[in-house]
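Chain and residue survey
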Amino acid sequence: MTDYDVVVIGGGPGGYAAALYGASAGLRIALVEGDAVGGTCLNRGCIPAKAQLQTAEVFRTANHAGDFGINPVDGSGTFSADWGKVSERTTGIVDRLVGGLSGLLKRRKVEVIRGRGVLTPNGEVSVDGQAIAAKSVIIATGSEPKSIPGFEADGERVVTSDHSTRSGTLPKRVAVIGGGVIGAEFASVFTDVGVDTTLLEALPGGVLPIGPDQELARTLAKSLAARGTKIHADARVSPPERTANGMVLAYETPTGSDKIEVDQVLVAIGRAPVSAGLGFAEAGVEVTDRGFVVVDTNTMATSRPGIYAIGDVVETPGLAHVAYAEAIVAIKSILGETPVPVDYTRVPWVVYTHPEVAWAGLTEAEAKEAGFEIDIHKYKFSGNGRAMIIGETDGLVKIVAQKNGPILGVHLIGPWASELLAENYLAVNWQALPEEVGAFIHPHPSLSEAVGEAMLAFTGRSLHG
Ligand code: NAD
């Protein structure tokens, strides 16, 4: 008997978005989740990490309040971070969002089934031995932190983002292994709240070596280094040795080898899909040797008819908002509609470091590699009035466009780059001409004027550029 139209395995952003969107389209949905709904992103990823980054922002602002003419009535005028309180605040935010999501699922009549969902060879989902039949299945089992031999996480000395996002204590000295998105965000938080922070990245460059335009990555590395992060690129790290006072970590770089003593090692070397032991291959769902479920991204269908996969378990950008978009594609396919597939070359990326990094579309290097003849215009926030007013003038807007053609990529680093990305994302995805965007009015004074100025520059004329 078919009880449901769709059973979704995994209640993270991919899974809950599929459930909510499917239910809003009238489908009967079961959502299988062994833990709190919201998955990694809500419970131990994006949301708590950004709450900590906001704490770092408040810390910076408080300690620079004197620059704005705000002085303490008495006392030293410097501030310290109470990480127990930070953790309490974070938990409050997470709990409110988990509660809100649970309510939303209930109102849409999504049945949340507690337990571990496994595919059976006949294509059903079994939860603790109980089979749940449905016309379609969506796999949204997500990903988990990768580990390095000798760096097994114990949750105290050696940790992953799973621990650091929810910890109630701060280490005094930390080594962050991996300068990718997670490593850069944590290095930014730790550095700004006064933790002695060393970042060790295997690739040249040191910070965000893969992904953003490297001009942005260099600007971020410079800012982190100026605030105190010790960045070592091209680093080979040996497993930590425990000492009476902490841990000693040996590493080699092209310039030599060294050792540091730290209290904690945060391993942030990437995430791996959660697909082992869930019956996928036995059910005829093709999985790569790295554990990703193979899909046709036009529909998110797997190799077994009726079974779909979305989110971090498929080999597309590991971003919650990409999982949301893939959920809509999968549900539309199940409904027999013709979904517009996600254009993975133009998804929005944001790294919530200080300063924030945000981009969509091709980098300068990617555009050249793709054979485009390009034009580039930039505008620095140091020339923007609003940036001066808020006291954050580091960074720039960089627009990559085809010569006499549409915008190929937008690259931002600086204050509120995360929010400024929205207009730029639309421009890239609408394949707008830079002069079209430059002709639109940007409010004055605003950070978005930096975008307007960079776009206007493509006309060969400018206002303040
Ligand atoms: P990542 O792939 O972004 O970065 C991992 C980094 O670790 C790479 O630079 C890699 O060269 C380096 N590395 C690998 N092995 C190493 C080693 N042995 N020693 C030193 N460095 C090593 O992975 P991540 O930062 O762990 O993030 C995982 C996922 O989470 C990504 O898919 C990311 O998109 C997602 N995420 C996104 C956001 C965001 O969008 N703001 C925030 C957090 C996480």
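Residues numbered from 1 in each chain as written. Predicted model: local features only at pLDDT ≥ 70, side-chain atom pairs only at ≥ 80, totals over all residues. Heavy atoms only, no water.

If you look the protein up in an unreviewed UniProt entry, it shows as Dihydrolipoyl dehydrogenase from Mycolicibacterium gadium. Per UniProt, the comment on the protein under Sequence similarities (unreviewed entry) is "Belongs to the class-I pyridine nucleotide-disulfide oxidoreductase family." (UniProt positions renumbered as here; feature names shortened; annotations may be inferred.)

So, the UniProt feature "domain: Pyridine nucleotide-disulphide oxidoreductase dimerisation" (unreviewed entry) in the protein
Using the residue numbers shown here, the UniProt feature "domain: Pyridine nucleotide-disulphide oxidoreductase dimerisation" (unreviewed entry) corresponds to residues 347-454. Each end of residues 347-454 is marked by a C-alpha atom, and these two atoms are 21 Å apart; helix forms 34% of the span and strand 29%. (Helix = DSSP H or I, 4+ residues; strand = E, 2+ residues; numbered from the N terminus.)

Focus on the sheet that holds strand β9 (residues 158-159)
Strands sit in the order β9-β17-β10-β11-β12 across an open sheet of five strands; the sheet is parallel. For this open sheet the edge positions go to β9 and β12 (230-232), each flanked by a neighbour on one side alone. In terms of strand pairing, strand β11 (residues 196-200) meets β12 through three bridges, oriented parallel. By the bridge assignment for β12, T198 is matched with K230. (Pairing = 2+ DSSP bridges.)

As for the packing of aromatic side chains
Applying the stated rule across the entire model yields three aromatic pairs. Centre to centre, the rings of W349 and W359 are 5.5 Å apart; their planes meet at 5°, and the pair counts as stacked. With W349 in strand β20 (residues 349-351) and W359 in strand β21 (residues 356-361), this pair connects stretches of sequence that are 10 residues apart. (Phe/Tyr/Trp six-rings, centres within 6.5 Å; stacked < 30°, edge-to-face > 60°.)

Digging into the site of the ligand
Taken together, 22 residues lie near the ligand, and I182, E185, E201, G270 and V350 sit nearest. E185 is positioned with one of its side-chain polar atoms (N or O) 3.0 Å from a nitrogen atom of the ligand. Within the backbone of G318, an N or O atom sits 3.4 Å from an oxygen atom of the ligand. For the ligand, whose free accessible area comes to 850 Å², the fraction covered by protein is 76%. Among the secondary structure elements, those contributing two or more residues to the shell around the ligand are α6 (181-192) and β20. Here the element with the most residues in the shell around the ligand is α6; it accounts for three residues. Here the shell around the ligand is composed, by residue class, of 14 nonpolar, four polar and four charged. Residues from two domains meet in the shell around the ligand; each of domain 1 (4-145 + 272-344) and domain 2 (158-269) gives at least three. (Near = heavy atom within 4 Å. Polar contact = N/O pair within 3.5 Å; in protein donor to acceptor, adjacent residues only side chain to side chain. Areas by Shrake-Rupley, 256 points an atom, 1.4 Å probe, with all protein chains shown as cover. Nonpolar A, V, L, I, M, F, W, Y, C, P; charged D, E, K, R; others polar. Domains from an automatic or database assignment.)

Details of the pattern of salt bridges
Overall, the coordinates contain 19 salt bridges when judged by the stated rule. For D196, the salt bridge is made with K230, and the minimal N-O distance between the two is 2.4 Å. Placement of D196 in strand β11 and of K230 in strand β12 is noted, with a sequence separation of 34 residues between them. One salt bridge connects D375 with K403, and the closest N-O pair in it is separated by 3.3 Å. Note that D375 is positioned in strand β22 (residues 374-380) and K403 in the loop between β23 (396-402) and β24 (407-414), a separation of 28 residues in sequence. (Salt bridge = Lys/Arg side-chain N within 4 Å of Asp/Glu carboxyl O.)

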